[in-house]
Amino acid sequence: MEKKINIRKLTSTLQMPTHMEINGNQEVIVDGCSGVLEYDTEAVRIKTGKLIVRFTGRGLVIKCLTADSLVVTGFLTGIEFLV
């Protein structure tokens, strides 16, 4: 008898925790990003597991984007953690 596996439960269990590195006010590296929700030169909002993180500033650019991480550069003025 085969046992069915709940794919959503499995992927959420295996999901990497979010890790964030902030290099001064010029760069943020986020591992564990699951999607970009908002993106312009003054705000970048991303989904990380159960949290939404919003970066604000001037001249913001997503320098690198992969399936589970991203790098935001520019002049960062704020970081918000939203539930």
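A quick note: this is a predicted structure, and the numbers were derived from the prediction, not measured.

Draft legend 1. Fine view of the nonpolar core. Residues Val28, Val30, Cys33, Val44, Ile46, Val53, Phe55, Leu60, Ile62, Leu70, Val72 and Leu76 constitute the largest nonpolar core, which totals 12 residues. Elements represented by at least two residues in this core include exactly β2 (27-31), β4 (43-48), β5 (51-65) and β6 (69-82). With four residues, the single largest contributor to this core is β5. Residue contacts for Val72: discarding those within four places in its chain leaves Gln26, Glu27, Val28, Val44, Phe55, Leu60, Val61 and Ile62.

Draft legend 2. Highlighting the confidence of the model for the protein chain. Scored by pLDDT, the protein chain has a mean of 85; 81% of the residues are at 70 or more. Put simply, helix α1 (residues 7-14) is where the protein chain has its lowest mean pLDDT, 48, and β5 is where it has its highest, 96.

Cut-offs applied
Residues numbered from 1 in each chain as written. Predicted model: local features only at pLDDT ≥ 70, side-chain atom pairs only at ≥ 80, totals over all residues. Heavy atoms only, no water. Core = buried A, V, L, I, M, F, W, Y, C linked by side-chain atoms within 4.5 Å. Buried < 20%, exposed > 50% of the residue type's maximum accessible area, 1.4 Å probe, protein only. Helix = DSSP H or I, 4+ residues; strand = E, 2+ residues; numbered from the N terminus. Contact = heavy atoms within 4.5 Å. pLDDT = per-residue confidence, 0-100.

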